[in-house]
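Structural overview for review
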Amino acid sequence: MNHSDEQRSHSQVSPPATPTIEDGDLPETQEKQNERTSEGILVVVDWEGPDDPQNPKNWTYKRKWAATIIISLFTFISPVSSSMVAPASNQIAHDFNINSTALIEMTTSVFLLGFAVGPLVLGPLSEIYGRSRVLQLANLFYLVWNLACGFSRNTGQLIAFRLLSGLGGSAPLAIGGGALGDMWRPEERGKAISIYSLAPLLGPVIGPICGAWIADRSTWRWVYWSTTLIDALVQVAGVLFLQETFAPLLLERKANALKQQQDPEKSQNEKIVTVYEKDGDRSWKRIFARAMIRPFALLAFEPIIQLLAIYMAYIYGLLYLFLTSIPSIFSNVYHESPGIAGLHYLALGIGLVGGAQINARFLDRIYIHLKNKNGGVGEPEFRLLNTFVGSLLIPIGLFIAGWAAECHVHWIVTDIGMVLIGGGVISVFQSIQTYVIDSFTLYAASALAAIAVLRSVAGFGFPLFAPTMYEALGYGKGNTILACSSIVLGWPAAWIFWTYGKRIRASSRHARKSS
């Protein structure tokens, strides 16, 4: 598929300017098409050719990267909140007289339940009302409830406020990918998505480091207040610099401007619509119903989404389980203070950042190389080669980190294992994120929302059994079980995606047949 094919947008927009799932490809090579109908002349508004600078895919690199960085900041700040409070959980337990280990863990991980539910609503809304508008309003919702967490007076309030802040903070996980798909062509998309994909994984690593020092030197309430202050700065940057990327909404604004200039005498016989309004039923009720149902339909009926969701859920749950075990490893085994123990999150961060940099360099290069070998036809499966590396690094890192801690080997060996885990997780995460955006560009937000459901539920549930597992089995045997399960699930998954991914995708009603 050539660039002009890639530039076609089929997503939904504010009523009634939205295509339905059944809509076919729409041309974008002309500004207006005049058609005579029984009701008069129909003026169809589209882009002014394939090089129209108003089309987000034709924006300058400076403009694209500005939007990408702001979206990545939104995607970074809410995951920071998901784990930043973990080192202060003992303070919270003391203040609220919490004796249950599971309840203590829930005050931290309940945030991820919001991550599971929020994308199912916010992702489709971005395909109706535009990316920027929904993203910023959702972030404002997160900001308010995250601030409220710092004023909680009991366990119930804290859990409720955490859940609500998670709902708002989940928006970038679904909307961000759709926005990047709006702007970047497949050959350019790898580096942008590598930064965007790093943010939700790096956030939970940076959070506990900061949270540990805040808990040491202040009160757990400042964990929430400090993240609120930082998020306020991100919100201001979004208001000032984040531009709308959603093509149907941009064309609708263009059509509205033409209507304002329209001769009143001609308006009775001349109807101005966008190319997305041209055909089919565009009643807002039908559009809204389709958009809200789509993530559930993708998760229920799309085999490729189901497979990716299960694999991503395991990887994400594994990451959060390991994140919650780091404080106990370095306090119980290496007898370090919370602030010093928190610094070991940097090892995981080094793996994530280093892996992201290496993966980013190869995502686009591999895609272009395989596309050229495939007669100039790109396939989303070309993104999945890097999952083989990730699925190998994760179990190796788990073995090293677990048995190094179990045998009281020097802490640097444990950190090396954590570096490998981080590198493996980001390789898998970025490859699958890019694959989903390439495959479901039309409905990338809904597809990412569908995958985020299981992923976030796993991130919520895995840490709840981590303390019990490590207490019963120890770090060596516990991590061995995790490593073996990652081999059993990860190695076949990488091979299945690479070998049969195209065939599975071909049966999809929503995925691209080629890129």
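Residues numbered from 1 in each chain as written. Predicted model: local features only at pLDDT ≥ 70, side-chain atom pairs only at ≥ 80, totals over all residues. Heavy atoms only, no water.

- With an unreviewed UniProt entry as reference, the protein chain is termed Major facilitator superfamily (MFS) profile domain-containing protein, source organism Amanita muscaria.
- Here the protein chain is described in UniProt, under the heading Subcellular location (unreviewed entry), as follows: "Membrane". (UniProt positions renumbered as here; feature names shortened; annotations may be inferred.)

**Considering the overall build of the protein chain**
- Within the protein chain, the regular secondary structure consists of 19 helices and three strands.
- The contacts of the protein chain with a sequence gap of at least 6 include a subset with a gap of at least 24, amounting to 82%. (Helix = DSSP H or I, 4+ residues; strand = E, 2+ residues; numbered from the N terminus. Contact = heavy atoms within 4.5 Å.)

**Comments concerning the packing of helix α17 (residues 387-406) against helix α19 (residues 444-506)**
- At a minimum axis separation of 8 Å, α17 and α19 run at an interaxial angle of 175°. By the angle class used here, α17 and α19 are roughly antiparallel.
- Residue composition of the contact of α17 with α19, grouped by class: 18 nonpolar, nine polar and two charged. (Axes fitted to C-alpha atoms, helices over the stretch in contact; angles between N-to-C directions. Parallel < 35°, antiparallel > 145°, perpendicular 65-115°, else oblique. Nonpolar A, V, L, I, M, F, W, Y, C, P; charged D, E, K, R; others polar.)

**Describing the side chain of S427**
- The residue S427 is located in helix α18 (residues 411-439) in this model.
- When its relative accessible area of 7% is taken as the criterion, S427 is described as buried.
- Each residue touching S427, except ones within four places of it in the same chain, is listed here: N359, N386 and G390. (Buried < 20%, exposed > 50% of the residue type's maximum accessible area, 1.4 Å probe, protein only.)

**Notes on the environment of A179**
- Along the chain, the position of A179 falls in helix α8 (residues 171-183).
- As for A179 and A67, which are separated by 112 residues in sequence, their C-alpha atoms are 8.8 Å apart.
- Among residues more than four places away in sequence, those in contact with A179 are I71, R131 and T245.

**What to know about a nonpolar patch on the surface**
- On the surface, L385, F388, W495, W498 and Y500 cluster together into a nonpolar patch covering about 440 Å² of accessible area.
- Here W498 lies in helix α19.
- Residue class for W498 comes out partly exposed when judged on its relative accessible area of 31%. (Patch = residues over 30% accessible without salt bridge, like charges linked within 9 Å, V, L, I, M, F, W, Y side chains within 5 Å. Areas by Shrake-Rupley, 256 points an atom, 1.4 Å probe, with all protein chains shown as cover. Salt bridge = Lys/Arg side-chain N within 4 Å of Asp/Glu carboxyl O.)

**Structural notes on the packing of aromatic side chains**
- Per the stated rule, a full pass over the model turns up 18 aromatic pairs.
- Each ring, one from F151 and one from W225, has its centre 5.2 Å from the other, and the planes form 45°; the classification is tilted. Taken together, the residues F151 in the loop between α6 (131-149) and α7 (155-169) and W225 in helix α10 (residues 221-241) connect sequence positions 74 residues apart.
- Relative accessible area serves as the criterion here: at 46%, F151 is assigned to the partly exposed category.
- W225 sits in the buried class, given a relative accessible area of 19%.
- The interplanar angle of 50° and the centroid separation of 5.5 Å between the aromatic rings of F462 and F465 together place this pair among those described as tilted. One end of the pair is F462 and the other is F465, both in helix α19 and three residues apart, which spans about a single turn.
- In this structure F462 comes out as buried when scored by relative accessible area, which is 18%.
- Using a relative accessible area of 36% as the deciding quantity, one classes F465 as partly exposed.
- A network of ring pairs unites the aromatic residues Y61, W65 and W184 as a single cluster.
- The residue whose ring lies beneath K64 is Y61, and the NZ or CZ to ring-centre distance is 5.7 Å. (Phe/Tyr/Trp six-rings, centres within 6.5 Å; stacked < 30°, edge-to-face > 60°. Lys NZ or Arg CZ within 6 Å of the ring centre and 35° of its normal.)

**Section: helix α14 (residues 303-333)**
- The terminal C-alpha atoms of α14 lie 44 Å apart, and with 31 residues this matches the ideal 45 Å at 1.5 Å per residue to within 8%.
- At S325, α14 shows its maximal kink, close to 35°; a proline, P327, follows between one and four residues later.
- Among the 31 residues of α14, 22 are classified as buried, and the element is accordingly described as predominantly covered.
- Remark: H335 follows α14 within two positions and exhibits a positive phi of approximately 55°. (Expected span 1.5 Å × (residues − 1). Bend = angle between axes of the 7 residues up to and from the residue.)

**A closer look at the side chain of D415**
- Structurally, D415 can be placed in helix α18.
- Summary of buried charges: D415 has no salt-bridge partner, and the nearest side chain of opposite charge, R217, is 19 Å away.
- Contacts of D415, omitting those with residues within four sequence positions, involve F330, H344 and A347. (Lys, Arg positive; Asp, Glu negative; His and termini not counted.)

**Thoughts on the confidence of the model for the protein chain**
- Summary statistics for the protein chain give a mean pLDDT of 81 and a share of 87% for residues scoring 70 or more.
- Looking at the elements of the protein chain, mean pLDDT is at its lowest for helix α1 (residues 3-6), recorded as 40, and at its highest for α6, recorded as 94.
- Note that residues 1-32 has pLDDT below 50 and, in this model, 132 contacts with residues that lie over four places away or in other chains. (pLDDT = per-residue confidence, 0-100.)

**Side note on the pattern of salt bridges**
- For the structure on display, the rule yields 10 salt bridges.
- A salt bridge links K254 to E48, with the nearest nitrogen and oxygen atoms 3.6 Å apart. You can see K254 sitting in helix α11 (residues 247-261) and its partner E48 sitting in the loop between β2 (40-45) and α2 (61-84), a full 206 residues away along the chain.
- Residue classification places K254 among the buried positions, given a relative accessible area of 19%.
- A salt bridge links R505 to E381, with the shortest nitrogen-to-oxygen separation between them at 2.7 Å. Here R505, found in helix α19, pairs with E381, found in the loop between α16 (345-373) and α17; they are 124 residues apart in sequence, far enough to count as distant. You'll find R505 and E381 in the same group, each marked buried.

**Description of the environment of L346**
- Within the fold, L346 resides in helix α16.
- Expressed as a C-alpha distance, the spacing of L346 and M418, which sit 72 residues apart in the sequence, is 9.2 Å.

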